[in-house]
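# Topology and contacts: notes
Residue-level listing of the chains:
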Amino acid sequence: LFMLINIDSYSASKPEILNIRQRPDSVGLFEKLEISLELKCEFINPFDPDDIDIQTVFTSPSGKKWNIPGFYNLSHSTLWKIRFSPNETGKWIYTVKVRDKNGETIKDGQSFIAVKSAKKGPVQVAANKRYLRYSDGSGLYGVGLWYNDGYEGFGSGQVEASELDNLKALGVNFISTFITPLETWGTGLGRYDQNIAGRLDELLQMLEERDMLLSLNLWFHSYLSETVWGGGNVRWYVNPYRQVTEAKDFYSSDAAWKYQEKLYRYFIARWGYSRSLALWFIVDEINGTDGWVKGDSIAASEWSRKVHNYLKTNDPYNRPTTGTRSGGIKEFWHEGYQIFDIAAREIYEAQGFPINKTSAIDSAAVNPLTSSYRNYASENQKLWHGYGKPVINGETGWAHTFYEPSMPGYLAMYHNALWVTLATGSAMTPFWWAHSGFINDNVVNSQVTSIRKFTDQI
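Computed from a predicted structure; not experimentally measured. (Residues numbered from 1 in each chain as written. Predicted model: local features only at pLDDT ≥ 70, side-chain atom pairs only at ≥ 80, totals over all residues. Heavy atoms only, no water.)

In sheet architecture, strand pairing relies on hydrogen bonds along the backbone and comes in two forms, parallel and antiparallel. Pairing is antiparallel in the open sheet, where three strands are placed in the order β10-β11-β12. Each of the sheet's edge strands pairs with one partner strand only, and the pair in question is β10 (123-125) and β12 (139-140). (Pairing = 2+ DSSP bridges. Helix = DSSP H or I, 4+ residues; strand = E, 2+ residues; numbered from the N terminus.)

We now examine unusual backbone geometry. The residue after tryptophan 433, namely alanine 434, is reached through a cis peptide bond having omega -10°. Its place among the elements puts alanine 434 in the loop between β21 (432-433) and α9 (446-456). Not every positive phi belongs to a glycine, and phenylalanine 30 is a case in point at roughly 65°. Locating phenylalanine 30 in the fold gives a position in the loop between β2 (26-28) and β3 (33-40). Given a relative accessible area of 8%, phenylalanine 30 falls into the buried group. The phi dihedral of tryptophan 229 falls on the positive side, at around 75°, and the residue is not glycine. (Buried < 20%, exposed > 50% of the residue type's maximum accessible area, 1.4 Å probe, protein only.)

A separate point is helix α2 (residues 194-209). In an α-helix there are 3.6 residues to a turn, and that puts residues three or four apart on one side. For α2, with 16 residues, the first-to-last C-alpha span of 22 Å sits near the 22 Å given by 1.5 Å per residue. In terms of residue burial, α2 counts as a mostly covered element, since 12 of its 16 residues are buried. The complete set of buried residues in α2 reads Gln194, Ile196, Ala197, Gly198, Arg199, Leu200, Asp201, Leu203, Leu204, Met206, Leu207 and Glu208. Capping of α2 at its N-terminal end is provided by aspartate 193; its side-chain oxygen lies 2.9 Å from the backbone amide nitrogen of asparagine 195. (Expected span 1.5 Å × (residues − 1). Polar contact = N/O pair within 3.5 Å; in protein donor to acceptor, adjacent residues only side chain to side chain.)

A few words now on the pairing of strand β7 (residues 80-84). Among the five residues in β7, five count as buried, and that is most of the element. Where burial is concerned, the two faces of β7 agree: the one with Trp80, Ile82 and Phe84 and the one with Lys81 and Arg83 are both buried. Direction of pairing for β3 relative to β7: antiparallel, over a ladder of five bridges. Note that in β7 the partner of leucine 37 across the bridge is tryptophan 80.

Here is the structure:
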């Protein structure tokens, strides 16, 4: 015996929103509102918005609408979340829409109250197009350095809360870090490692609690390098984008871009709310990748514009973008300075910059410190006069400079780099590479404290 089933008569049910948990019911301006959803839905890949899509429309007291995507968050308490930070006081109303392959469901009439707070909001480019400010209008001069985490898992990164306290006490208000790619060989393309993502949650929370900022480097050059520079600079072998493209074709690959769009959407959905997420540092040292060296540097710049445009279109908080070539004198990136919101020039003086190579160090005519501050001044002035936007030195520091950390002139060189970049228009101190026990404590004490006290008065 057998039974014939008319498949056309069978209809799978559309998704259901079983529960909405909102924590808290009231939230301060620019603080995190987190909404957890319990859903009944059908999907294959919970990270793929083509499978399962959550969209929330927040309506402010003044009537402005904010479109915020939800995201999958594998944890012990919930699977689906929405994060948002309000910029107006009063009653906000929001509607949640969930769509899967079987249809769509909408839950409206949800609300929360936004109250006053002392928070200043996310970072934006100032109205004069030269400097940075917080979204409440107050000024910002960034004082900080690279402090890389490692993202090994919950509670196991290199950034420590106690050290953030020390840095803040000295005057540091930002750190820069590169992210380990969320897509790994373990997760596969289009799926995001929740240990790494959870660690970034922790890092941003630590920074939010201290009113400190993060410059988040999305693509560190080594993860896009198969052959360039060698050693630790080659990590393409761990990048699952190898499944769809060769390293040299990464920037022009349509298949790679389809995955990237969803990756950047996830970044915005999960971390876009954070007032501590200051900069989208899209790519670090793009010329250290096969797509630049063995592929097409023009295509690499076009890819940079594509990522920039995606973030500008979809990040409702409109935080600035930046990106760099490496720190040699010949690595001037005209296209990049045109594309990004912030023009970022790296400087490593031993890589072709004019430096004094004589044995004399105390003559005004040949003193290496004179050459050093002229290097920073001349390069920053090129950006200031050439591009009409904020200027930073996105990487510089202890390696490939005339003075190394163990040498007597190192502290003086660091002092000069801080002050000459401020004097020639930088919006932030040079992003010194990198905070660790290798750098003498003198580098991050009185020097940054003095410049922070000075810039706070401007």
